[in-house]
Amino acid sequence: MTAYIAVVPLLVYTFWYFSKRKKVGFNWVRIYNILLIVLFSLISVINFNIYREWGSKINSRAIEFAIRTPNESLASSASSPMFLTLSVLLILLCVGLYLNFILIRREINFVKTPIWAKFIIAVLTLGVNFLFIRGGTGTAPNSQSMAFFSNHQILNHASLNTEWNLMSSILANSKVKKNPYIYGDQKQAALEVDNLFKVAKDTTLSILKTDRPNVVIFILESFTADLTKSLGNEDGITPNLDSLAKKGVFFSQIYATGNRTDKGLIGSLTGFPTLGVGSIVKWPEKMQKIPAISQKLYQQGYQTSFYYGGESEFDNYKAFILGHQYKRLIDKNSFEKKDMNSKWGAYDGLVFNKQLKDANTTKQPFFSTLLSLTNHEPFELPVKYKFGNTDNIQKFKSTAFYTDSCIGSYLSEAKKQPWYKNTLFVFVADHGHPLPKANHEIYEPQRYHIPLIFYGDVIKDEFRGKNFDKTGSQQDLSATLLAQLNINTKEFKWSKNLLNPYHRNFAYFSWDNGFGFIENGHAVTFDNVGKSVLYNSKPEDAQQTNKLLNSGKAYLQTVYQQFINL
């Protein structure tokens, strides 16, 4: 935030630096500072009272509320401790104005400098300031997650710069004031969605020997169905995953909700759908209002943990993780510098081994989530490339083989541990990928086809090796898993129980300004910009095509409206 504030004087003095001025005044900077001191002091004391009432920092909604309904805003603030508020405001103003008076010089003299040196100095100062604004040279730019460090939300919010957060909230809110996906009447669309999730009987097949097993979820980077023998007819890339599919409970017609990890992470762990052009992770205050598996299990006495070898601040993962009752977070900062051999962080083998070691000393029952990263561009490996590394297809196959081998090694070692027999392992991809086939466009359903496997000794014998081939979504993991644990899933309105024989067989997915809808093997994708059908697996069935389009439109319109209302 300091770097943003510095932009104006920095640009002004850079301009003057190249002029013939030898001396420039600083009085206008003092005035600039006074305005900011007054503004930021007011924002700070308003923030104290808003946080006390709402449990969130001052944001665009609070500003909008004050502008649209000033009387109600005053009424809401009536219970605020006015003496304390005014005292804090007075202290902030006095200290700020005093420091501004004694620290800011009245004028500065420019040292005579060659033009080429001035150019270098200007580039360096502007460049350094830009890096401060961005948050450094790392993979992830500044986000709310960078301030998050604790399991206690109040501490995370306290560490987050109030003015930066307000600015970020205003910019983000400008994008979500209006639903861009209005295809028809909102009530009718909501009714259509309700019918999609309505079941004749709220029941489930019970596939577990116990309703309180340990649960370990592997969310596998880019593990498209095309990598596997069972779904993609590819030999030798994922022998371990294929073996698990034959020995566990296999859901063979599952589709990712989006095409990025942030969307897959939210879809798998909360059941919340993608939003076309938007992603809920960009709005932490909204994201924290949707329920997650981790919260439900924590409430049931589970020890919760999240493992990722990369930067957890990337795409606001950290805000999601710490905001949804994951009590232990392991990311790249938990590993030694010598282990950071990949562009993205620690390789999957190190992360899996770390979780395995920690599980041996964790009180049961525990819930642990592992997000892999090795199978991501630029497809780096700490070992020899199994399929070669002359092109991206070979590299992609090789990194997938490596992650698959890490899964095999993990399970081999886990079987020796006392907690293994009481543990359910879940394997799901975060999203699909155009490779290794290299022939699936962003709008084609096969691009989103992913495996979902339940595995472990905790599964009843009669269900091992069972293949459920009805159409479902990555979003359905939440309701399916929680139903097995006899935990109410009413809050997960966008997730259906795949083990309820009465559920409708459908899946929804979206990409930037486009969506797809699949039901009973018939798939249609639609371009919101061109308003045209991009893909239709059964064009001869015009009636069903229109039905699927209407369902998809109602789905996207309704979920985006809920997102706005959060």
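Residues numbered from 1 in each chain as written. Predicted model: local features only at pLDDT ≥ 70, side-chain atom pairs only at ≥ 80, totals over all residues. Heavy atoms only, no water.

Asker: Explanation requested: the overall build of the protein in the structure shown.
Answerer: When helices and strands are tallied, the protein shows 19 helices and 15 strands. Against the 2.2 N^0.38 benchmark of 24 Å for 566 residues, the protein shows a C-alpha radius of gyration of 27 Å, consistent with a compact globule. C-alpha atoms of the protein, sized along the principal axes, occupy 85 × 60 × 55 Å. Counted over contacts in the protein with a minimum sequence separation of 6, partners at least 24 positions apart contribute 74%. (Helix = DSSP H or I, 4+ residues; strand = E, 2+ residues; numbered from the N terminus. Rg over C-alpha atoms; globule rule 2.2 N^0.38 Å. Contact = heavy atoms within 4.5 Å.)

Asker: What exactly am I supposed to notice about helix α9 (residues 186-197) here?
Answerer: Residues three or four positions apart in an α-helix share a direction because the helix packs 3.6 residues into each turn. In a regular helix each residue adds 1.5 Å, so 12 residues correspond to 16 Å; α9 covers 17 Å between its end C-alpha atoms and thus fits that length. Where α9 is buried, its residues contact β12 (506-511), β13 (514-519) and α19 (542-565). (Expected span 1.5 Å × (residues − 1).)

Asker: For this particular structure, what's the right way to read the packing of aromatic side chains?
Answerer: Aromatic ring pairs are defined here through the distance separating the ring centres and the angle between the ring planes. Enumeration over the complete set of coordinates arrives at 38 aromatic pairs. Linked through ring pairs, F218, F352, F366, Y410, W419, Y420, F425 and F427 together constitute an aromatic cluster. Stacked on the ring of W16, the Lys or Arg R21 has its end atom at 4.3 Å from the ring centre. Geometry around F526 places K553 over its ring, the cationic atom sitting 4.8 Å from the centre. (Phe/Tyr/Trp six-rings, centres within 6.5 Å; stacked < 30°, edge-to-face > 60°. Lys NZ or Arg CZ within 6 Å of the ring centre and 35° of its normal.)

Asker: Help me out: how do you make sense of the pairing of β12 in this one?
Answerer: Residues in a regular strand project their side chains so that they alternate between the two faces of the sheet. With 6 of 6 residues buried, β12 lies mostly within the body of the structure. In β12, alternate side chains face the same way, and those of F506, Y508 and S510 on one face and A507, F509 and W511 on the other are all buried. Counting the residues that bridge the hairpin from β12 to β13 gives 2 residues, and of these N513 lies at a positive phi of roughly 60°. (Buried < 20%, exposed > 50% of the residue type's maximum accessible area, 1.4 Å probe, protein only. Pairing = 2+ DSSP bridges.)

Asker: Mind showing me how you'd approach the pairing of β13 here?
Answerer: Where burial is concerned, most of β13 is hidden: 6 out of the 6 residues are buried. Neither face of β13 is left uncovered, since the one carrying G514, G516 and I518 and the one carrying F515, F517 and E519 both have all their residues buried. Note that β12 and β13 share 6 bridges and pair antiparallel. Across the sheet, the residue bridging to W511 is G514, located in β13. Pairing between β13 and strand β14 (residues 522-527): 6 bridges, direction antiparallel. Looking across to β14, one finds that G516 is bridged to T525. Hairpin geometry of β13 and β14 is characterised by an intervening segment of 2 residues between the two adjacent antiparallel strands and by a positive phi of about 50° at N520.

Asker: How should unusual backbone geometry be read in this particular structure?
Answerer: Most of the time, phi is negative for any residue but glycine, and the peptide bond is trans. The omega angle of the peptide bond from Q364 to P365 is 0°, so this bond is cis rather than trans. Note that P365 resides in the loop between α16 (348-359) and β7 (366-371). A cis geometry characterises the amide bond from E377 onward to P378, with omega recorded as 10°. Here the phi dihedral of N316 falls at roughly 65°; this positive angle occurs in a residue that is not glycine. Looking at where N316 falls in the secondary structure, it is placed in the loop between β5 (303-308) and α15 (317-322).

Asker: What should I look at first to understand the packing of α9 against α19 in this one?
Answerer: Between two packed helices, both the angle of their axes relative to each other and the distance between the axes serve to describe the pair. Interhelical geometry of α9 versus α19 gives an angle of 105° and a closest axis separation of 8 Å. It follows that α9 is roughly perpendicular to α19 by the angle criterion. Of the residues in α19, those in contact with Q186, A189, A190, E192, V193, L196 and F197 of α9 are S551, A554, Y555, Q557, T558 and Q561. Of the residues contributing to the contact of α9 with α19, the split by class is 7 nonpolar, 5 polar and 1 charged. (Axes fitted to C-alpha atoms, helices over the stretch in contact; angles between N-to-C directions. Parallel < 35°, antiparallel > 145°, perpendicular 65-115°, else oblique. Nonpolar A, V, L, I, M, F, W, Y, C, P; charged D, E, K, R; others polar.)

Asker: Which parts of the structure should I look at to understand the nonpolar core?
Answerer: Where a protein is soluble and globular, its nonpolar side chains tend to be buried together. If you look at the biggest cluster of nonpolar residues, it comprises 124 residues, and the most contacted ones within it are I217, Y410, F425, F427 and F454. In terms of residue count, the dominant contributor to this core is α19 (9 residues). The residues contacting I217, other than those within four sequence positions of it, are L269, I293, F367, S368, T369, L370, V426, L477 and L481. (Core = buried A, V, L, I, M, F, W, Y, C linked by side-chain atoms within 4.5 Å.)

Asker: Would you mind showing me how to read the packing of α16 against helix α17 (residues 392-414) here?
Answerer: Look at α16 against α17: their axes get within 9 Å of each other, and the N-to-C directions meet at 20°. On the basis of the axis angle, α16 is roughly parallel to α17. For the crossing formed where α16 meets α17, the hand is right-handed. Where α16 approaches α17, its residues D348, G349, F352, Q355 and L356 are matched on the opposing element by Y402, T403, C406, I407, Y410, E413 and A414. (Left-handed = near helix turned anticlockwise from the far one by under 90°.)

Asker: Help me understand the side chain of K263, please; the structure alone is not making it clear to me.
Answerer: Locating K263 in the fold gives a position in helix α12 (residues 261-270). When its relative accessible area of 7% is taken as the criterion, K263 is described as buried. Among the polar contacts listed, one links the side chain of K263 to the backbone oxygen of G276, at a separation of 3.5 Å. Among all residues touching K263, those that are not within four sequence positions of it are T257, G258, T274, G276, G278, S279, Q474 and D512. (Polar contact = N/O pair within 3.5 Å; in protein donor to acceptor, adjacent residues only side chain to side chain.)

Asker: Would you mind showing me how to read the pattern of salt bridges here?
Answerer: Side-chain pairing between opposite charges can occur once the charged atoms of the two side chains come close. Using the criterion set out here, one finds 18 salt bridges in the structure. For D358, the salt bridge identified is with R328, shortest N-O distance 3.0 Å. Here D358 is found in helix α16, whereas its partner R328 is found in strand β6 (residues 328-330), with 30 residues between them in sequence. As a salt-bridge pair, K338 and E336 come within 3.8 Å of each other at their nearest N and O atoms. Taking the relative accessible area as the measure of exposure, K338 reaches 56% and is therefore exposed. The structure contains a network of salt bridges with shared partners spanning R260, D262, K282 and D315. (Salt bridge = Lys/Arg side-chain N within 4 Å of Asp/Glu carboxyl O.)

Asker: Teacher, can you tell me more about helix α18 (residues 477-484) here?
Answerer: For α18, a buried count of 8 out of 8 residues is recorded, marking the element as mostly surrounded by other parts of the structure. Of the positions making up α18, those classed as buried are L477, S478, A479, T480, L481, L482, A483 and Q484. Trailing α18 by a residue or two, N486 shows a phi angle of about 55°, which is positive.

Asker: How do you make sense of the environment of N565 when you look at a structure like this?
Answerer: Among the secondary structure elements, N565 is positioned in helix α19. With 279 residues separating them along the chain, N565 and K286 place their C-alpha atoms 8.9 Å apart.

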